[in-house]
Structures are given as structure tokens and as C-alpha cells.
Amino acid sequence: SIKPPSQQVPSFTMHFFRRPVTPTWEDPRNRSGGIVSIPLWDRDRMSLQDRIAVVDDAWWLITMALAGESLPHALALNGAVLKIRQRTTLLQLWTSNADQKQLTETVTALRAAMQPRFDGVSGISLEGLEFHKHASADTSKPQSPVVARPAKGKGAKPTKREADFKL
């Protein structure tokens, strides 16, 4: 059996995607879309116990919403990725397009579904979620949210590129 996300060790990534879409920007269904990032846990703002309480519920909710196609513009949603790392846990919603109006409607519905579970949990905000396009407007190359990784060393953090828009 598969362990729930809260029981996975850091540096673990879970994927839930439509068939035959793969969790890569090169996939034709992903290329024109992007990623909505939902931060679920930050070591500097929440306890590990809070992460455990939140991660399983968030993953269950998003996978059921995707499988049931219960969010607006459900056919434009290709899948979800859950990244569990030492310092953060991030839920990503992968889309087939970058239509800001459609994404706003989808995220508004997702926020309404998630908010009752996360009300009162400190450190979680479902406001101002960032959207990053897979391809920039002028090239077909992917645009990662992380621009560059600095030299290794204490306190070195990757440089993060600006979101294409916030939802």
C-alpha cells in the first residue's frame, strides 16, 4: 500500500496526472500551461505537527477534485504534484493553458473547498497564489520558478523568478 504524504520522508514527490499526460513541461498538454503553487508548509512558519495535519487533507482534496472533475474548467487541469522537502511542502496544480480568467475561477473554487479545512491553521494562506507559465511569451523554452542556484554554502538560497500573475 502507498503511505500517505505525511508519512513520506523529505525529498519525496507525488504525482497525480491525467492519462497520458506526464509531469513534464515538454508534454504537449502542459507546454501552453503552467503551475499554480500552493505552499502548504514552511519550516520557519509552522510546526512539523501542523504539516502532518495539513498535507494529507490537501493532497486528498486536490486528487479527489481532479478525479471527479469538480472544479471549473476541469479539462484544463492536467494534474497535481506534491513536493515534500526539508524546509517546505508545496502543492502544485498543473494546467494546460495560462488563461488568467479561467485560472481565477478554478482557484476561487479550490480555495472555497480548502478554506474550511485550513481555517485557523497558522502559516497557511490561500490568497495570492502564484502562477508560473511553462513557456515565456517570446520563446518555447520552459521558465522554471527557480532562476538560478547559487554556489553551495550556508544560507545560500536559489533565486526565484517573479510569478507571471497571482491568483
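Here the structure is a predicted model, which is why all the values come from computation and not from measurement.

On to the overall build of the chain. Scanning the chain from terminus to terminus reveals three helices and eight strands. Listing each helix as α and each strand as β along the chain from the N terminus yields β-α-β-α-β-β-α-β-β-β-β. Every one of the 167 residues in the chain was classed for burial, and the buried ones make up 38%. In the chain, the proportion of contacts linking residues at least 24 apart, taken out of those at least 6 apart, comes to 68%. Counting every atom, the chain has about 9,600 Å² of accessible surface; 54% of that belongs to carbon and sulfur.

In this section: the pairing of strand 4 (residues 88-95). A large share of strand 4 lies buried, amounting to six of its eight residues. With seven bridges connecting them, strand 2 (residues 34-42) and strand 4 associate as antiparallel partners. Bridge pairing in strand 4 places W41 opposite T89. Pairing of strand 3 (residues 77-84) with strand 4 involves seven bridges; the strand directions are antiparallel.

Taken in spatial order, the six strands make up an open sheet running 1-3-4-2-5-8, and their pairing is antiparallel. Two strands in the sheet have a free side with no partner beyond their single neighbour: strand 1 (12-17) and strand 8 (165-166). Contacts from helix 3 (residues 100-118) reach strand 2, strand 3, strand 4, strand 5 (130-133) and strand 8 within the one sheet, and its direction differs from that of strand 4 by about 135 degrees.

A separate point is helix 3. Considering bend angle alone, the principal kink of helix 3 is centred on A112 and spans about 30 degrees; proline P116 follows within four residues of it. The opening residue of helix 3, the one whose side-chain oxygen lies 3.0 Å from the backbone nitrogen of K101, is D99. Where helix 3 terminates, the next one or two residues include G120, which has phi positive at roughly 85 degrees.

So, on to the nonpolar core. In a soluble, globular protein the nonpolar side chains are often hidden away together inside. Within the largest apolar cluster, 30 residues are counted, with the highest numbers of intra-cluster contacts made by V36, I62, L82, L91, L110 and M114. Listed by contribution, the elements that provide at least two residues to this core are strand 2, helix 2 (48-67), strand 3, strand 4 and helix 3. Looking at this core, the element that brings in the most residues is helix 2, giving eight residues. Excluding its chain neighbours within four sequence positions, the residues that come into contact with L91 are V36, S37, I38, L40, A58, W59, I62, V81, L82 and M114. The next biggest cluster of nonpolar side chains, apart from the first, holds five residues, and it includes F17, V21, I35 and W94.

The tally for this structure, following the rule as stated, stands at two aromatic pairs. With centroids separated by 5.5 Å and ring planes inclined at 80 degrees, the aromatic side chains of F17 and W94 adopt a geometry described as edge-to-face. Of this pair, F17 sits in strand 1 while W94 sits in strand 4, and the two are 77 residues apart along the sequence. Exposure class is identical for F17 and W94. Each is buried. Plain terms: the ring middles of F131 and F165 are 4.8 Å apart, the flat faces sit at 20 degrees to each other, and that makes the pair stacked. Taken as a pair, F131 in strand 5 and F165 in strand 8 lie far apart in primary sequence, 34 residues in all. The burial state of F131 is the same as that of F165; both residues are buried.

This structure, assessed with the given rule, holds five salt bridges. The residue D57 makes a salt bridge to R117 at a minimum N-O spacing of 2.2 Å. Pair noted here: D57 is in helix 2 and R117 is in helix 3, with a separation of 60 residues, a long-range link.

Glancing now at the side chain of T89. Following the sequence through the fold, T89 ends up in strand 4. Since its relative accessible area comes to 0%, T89 is described here as buried.

Cut-offs applied
Residues numbered from 1 in each chain as written. Predicted model: local features only at pLDDT ≥ 70, side-chain atom pairs only at ≥ 80, totals over all residues. Heavy atoms only, no water. Helix = DSSP H or I, 4+ residues; strand = E, 2+ residues; numbered from the N terminus. Buried < 20%, exposed > 50% of the residue type's maximum accessible area, 1.4 Å probe, protein only. Contact = heavy atoms within 4.5 Å. Areas by Shrake-Rupley, 256 points an atom, 1.4 Å probe, with all protein chains shown as cover. Pairing = 2+ DSSP bridges. Axes fitted to C-alpha atoms, helices over the stretch in contact; angles between N-to-C directions. Bend = angle between axes of the 7 residues up to and from the residue. Polar contact = N/O pair within 3.5 Å; in protein donor to acceptor, adjacent residues only side chain to side chain. Core = buried A, V, L, I, M, F, W, Y, C linked by side-chain atoms within 4.5 Å. Phe/Tyr/Trp six-rings, centres within 6.5 Å; stacked < 30°, edge-to-face > 60°. Salt bridge = Lys/Arg side-chain N within 4 Å of Asp/Glu carboxyl O.

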